[in-house]
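One-letter residues, chain by chain:
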Amino acid sequence: MADDAAARGAVQEVLRRLAITFTDFEARLEATPLIRRLTRGRFVLADYHAFLIGLRQQVKDGALWMSRAASNIDEDHLELRSQLMRHAVVEHRDFRLLEADYVASGGDLAAIQGAPKNIGSEALSAWMFHEASRPNPFGLLGAMWIIEGLGSVKAAEWGRLAQQRLDLPDHAVRFLLYHGENDVQHIGEFETMLGQVLPDASVAERIVRVAEVTARLYALQIEEIRP
């Protein structure tokens, strides 16, 4: 019973620190040129296409680093390994939604499939695979909090704004609207995952640190998106 109470207390403390990190992350995103144009009504189709291209790189890598992370989790944490594997399976084709939105909004499929990662995407991808390659990479729960949290808090809002600004059909903003709905559920699973690795103090610190680095690199990815 005491161990359960300690774990619950540790989970709540980590969630509190992650919420602070996420608030700072939101502020950084809102200050990026792309998101400022979106929220202030200066968003054009070229911005939306650049946005989809930028997101595709990170989304395509997401299932890959989750799979790698799962493969490095030991047998004492099999349920967490299974959860990550299920999550990777659910999301491994999401980048195809981005491609479909790109084409539905007038873009050429070859352009989004052949676009290179920007500087921020390169840094973010390298960081995520680095962390996923560590033994028992529990710190990646912090990265998931940032990425899934962004989807649950901002994706639907951004999708609706893009649709309004550009007069897009529903089938041209499916990725953002879909994640706005489904990432809320993923965040609900997050607390359960935390409970499987806490109250270890070193794990708690790593989760928060990985969240902080991921947030900064994700913001850099958005900063580097150019129409």
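Residues numbered from 1 in each chain as written. Predicted model: local features only at pLDDT ≥ 70, side-chain atom pairs only at ≥ 80, totals over all residues. Heavy atoms only, no water.

A. Examining the pattern of salt bridges more closely. Inspection of the entire model under this criterion finds 16 salt bridges. Here E99 makes a salt bridge to R96, at a shortest N to O gap of 2.9 Å. Taken together, the residues E99 and R96, both in helix α5 (residues 94-104) and three residues apart, mark about one turn of the helix. Through salt bridges with shared partners, a single ionic network connects E26, E30, K154 and E157. (Salt bridge = Lys/Arg side-chain N within 4 Å of Asp/Glu carboxyl O. Helix = DSSP H or I, 4+ residues; strand = E, 2+ residues; numbered from the N terminus.)

B. Representation of the environment of W145 within the structure. Within the secondary structure layout, W145 lies in helix α8 (residues 140-166). Residues W145 and Y48 lie 97 residues apart in sequence; the distance between their C-alpha atoms is 25 Å.

C. Local environment of the environment of Q113. Inspection of the secondary structure puts Q113 in helix α6 (residues 109-114). Sequence separation between Q113 and E99 is 14 residues, and the spatial gap between their C-alpha atoms is 7.6 Å. Beyond its immediate stretch of four places on either side in the chain, Q113 contacts R56, R96 and E99. (Contact = heavy atoms within 4.5 Å.)

D. View of the nonpolar core. F25, Y48, W65, L141, L194 and L198 are the most contacted members of the largest nonpolar core, which has 75 residues in total. With 13 residues, the top contributor of residues to this core is α8. With near-sequence residues (within four places) excluded, W65 lies in contact with M128, F129, A132, L140, M144 and I147. (Core = buried A, V, L, I, M, F, W, Y, C linked by side-chain atoms within 4.5 Å. Buried < 20%, exposed > 50% of the residue type's maximum accessible area, 1.4 Å probe, protein only.)

E. Focus on unusual backbone geometry. For the bond running from L198 to P199, omega is 25°, close enough to zero to count as cis. Its location among the elements puts P199 in the loop between α9 (174-197) and α10 (201-223). Phi at N136 is positive, roughly 45°, even though this residue is not glycine. Position of N136 among the secondary structure elements: in the loop between α7 (119-132) and α8. Look at N136 and you get partly exposed, because its relative accessible area is 23%. A positive phi angle is found at D167, which is not glycine, with a value near 55°. With respect to the secondary-structure elements, D167 resides in the loop between α8 and α9.

By themselves, these are just geometric observations and shouldn't be taken as functional.
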